[in-house]
Amino acid sequence: MLRIALATAVAAFTLDEDMDPLLAACAQAGVAAQRVAWDDPTVSWQRFDAVLLRSTWDYTDRLTEFLAWCERVSTQTQLINPLAMVRWNTDKRYLGELGRAGVPVIETCYLGLADAPDDFPAFDEFVLKPTVGAGSRGARRFVADEREAAVAHAAALQAQGREVMVQPYLAQVDSAGETALLYFAGAFSHAIRKGPLLPRGSEATRALFAPEQISARQPGEAELALAERTLDALPFDRPLYARVDLLPSADGPRLLELELVEPSLFFDTAPGAAQRFVAALGDALR
Ligand SMILES: Nc1ncnc2c1ncn2[C@@H]1O[C@H](COP(=O)(O)OP(=O)(O)O)[C@@H](O)[C@H]1O
Ligand SMILES: [Mg+2]
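All figures in this text were calculated on a predicted structure; none of them were measured in a lab.

Conventions we followed
Residues numbered from 1 in each chain as written. Chains lettered and ligands numbered in written order. Predicted model: local features only at pLDDT ≥ 70, side-chain atom pairs only at ≥ 80, totals over all residues. Heavy atoms only, no water. Pairing = 2+ DSSP bridges. Helix = DSSP H or I, 4+ residues; strand = E, 2+ residues; numbered from the N terminus. Axes fitted to C-alpha atoms, helices over the stretch in contact; angles between N-to-C directions. 1 Å grid on protein atoms, 1.4 Å probe; cavity = no way out; pocket = protein on both sides within 12 Å on 5 of 7 lines; lining within 4 Å. Points joined across faces, edges and corners; volume = space filled by probe spheres on them. Nonpolar A, V, L, I, M, F, W, Y, C, P; charged D, E, K, R; others polar. Buried < 20%, exposed > 50% of the residue type's maximum accessible area, 1.4 Å probe, protein only. Salt bridge = Lys/Arg side-chain N within 4 Å of Asp/Glu carboxyl O.

Engineer: Describe the sheet that holds strand β10 (residues 187–194), listing the residues and the values that go with them.
Structural biologist: On the basis of which strands lie adjacent, the open sheet formed by five strands has the order β11-β10-β9-β12-β13 and antiparallel pairing. Each having just a single partner strand, β11 (214–216) and β13 (254–259) make up the two edges of the open sheet. On average, adjacent strands in this sheet sit at an angle of 30° to one another, irrespective of strand direction. As paired strands, strand β9 (residues 178–184) and β10 are joined by seven bridges and run antiparallel to one another.

Engineer: Residues and numbers for unusual backbone geometry, please.
Structural biologist: When glycine is set aside, most residues are seen to have a negative phi, and most peptide bonds are trans. Note the cis peptide between Ile80 and Asn81, where omega equals -10°. Phi is positive for Phe266, close to 55°, though the residue is something other than glycine.

Engineer: Tell me about the layout of surface pockets, and please be specific about residues and values.
Structural biologist: Volume-wise, the largest pocket comes out at about 900 Å³. Every residue lining the largest pocket is counted, 42 residues in all, and those nearest its centre are Gly135, Ser136, Lys194, Leu197 and Glu212. Of all the secondary-structure elements, those providing two or more residues to the lining of the largest pocket are β6 (125–130), β8 (164–168), β12 (241–247) and β13. In the lining of the largest pocket, the residues fall into 21 nonpolar, seven polar and 14 charged. Looking at the second largest pocket, its volume works out to about 300 Å³. Along its surface, the second largest pocket is lined by 17 residues, and Gly138, His153, Leu157, Gln160 and Ala204 are the ones closest to its centre. Take the lining of the second largest pocket: its biggest share by element is three residues, from helix α5 (residues 147–159). Considering only residue class, the lining of the second largest pocket consists of five nonpolar, six polar and six charged.

Engineer: Talk me through the pairing of β9; I want residue IDs and the actual numbers.
Structural biologist: Burial analysis of β9 places seven of its seven residues in the buried class, the great majority of the element. Between β9 and the antiparallel strand that follows it, β10, lie two residues; Ala185 among them carries a positive phi value of about 50°.

Engineer: Lay out empty space enclosed by the protein with the relevant residues and their values.
Structural biologist: For the structure on display, the rule yields one cavity of 30 Å³ or more. Empty space within the largest cavity amounts to approximately 70 Å³. Here the residues of the lining of the largest cavity are counted per class, giving six nonpolar, three polar and four charged.

Engineer: Can you explain the pairing of β12? Please cite residues and give values.
Structural biologist: Burial analysis of β12 places seven of its seven residues in the buried class, which makes it a mostly covered element. Both faces of β12 are covered, namely the face carrying Tyr241, Arg243, Asp245 and Leu247 and the face carrying Ala242, Val244 and Leu246. The sheet contact formed by β9 and β12 spans six bridges and is antiparallel. When the sheet's bridge partners are listed, Thr179 is paired in β12 with Leu246.

Engineer: Explain the pattern of salt bridges to me, and be specific about the residues and the numbers.
Structural biologist: Taken as a whole and assessed by the stated rule, the structure comprises 19 salt bridges. Glu257 is the partner of Lys92 in a salt bridge, and the nearest nitrogen-oxygen pair spans 3.6 Å. One end of the pair, Lys92, is in the loop between α3 (83–89) and α4 (94–100); the other, Glu257, is in strand β13, and 165 residues separate them in sequence. In this structure Lys92 comes out as buried when scored by relative accessible area, which is 10%. Among the residues examined, Glu257 registers a relative accessible area of 15% and is labelled buried.

Now the structure itself:
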């Protein structure tokens, strides 16, 4: 019998809505799955056939520690998705790489720790967020008149040791929402709509993640094509799980994020998705 650790975090232990459907689907498939916190020092990881990253959502505040843990786990058992993908995907500068490979990503300006915090173009309305981020933490939306507050936010992130990215605000998200496409073992599984998350004038969330409005969605042709193109541009084989997050724009969908580490998979929105996922996991480990 396969023994799988479903890695969450102490801070997220009861918050992962995919956990119960995943545990149930594993039980159904005869896989011995256990929910374990990555930051629980008492766990011996080598007793699992694989450690599946699921809701390690606080890694953004502890990236060095998290990557060291991933490295250690990788020497003891199989980490999914694998270490090289985790390293590559935990810093959103990967968007620049995908953009250079021809993927239509949202226009992004990066500010390193040594860059001036005001060294970004004059957008009418824009988003400023950390390059290592999840759950909308540290993300804020500004209008051109609020540039001073935006520069202060950039400087505050830099002072915390966080690099910064600035993007135009793609306002169609306010009505159309964001589309996330879930791929298991390289094949499209299902998609969801996520409501807009950054009301004008609001502070960054203080929670582990900002509350989200999720519903099932049928992706459009252009969205499916962009998701496929994104996965084809990866410097890796297609992973066991991937979530491609897109925002609408006047010129068609744009890549917001590609999530290969600990994306919510929204099993509850798609009957059979958890079973499909566990079948793909079983095949990968055979
Ligand atoms: N350029 C943008 N235009 C419009 N909304 C954005 C933009 N960037 C981020 N957002 C909003 O902020 C949320 C969080 O940003 P995202 O880049 O997905 O980071 P995280 O890794 O925290 O999920 C998105 O789901 C979206 O609602
Ligand atoms: Mg996101």
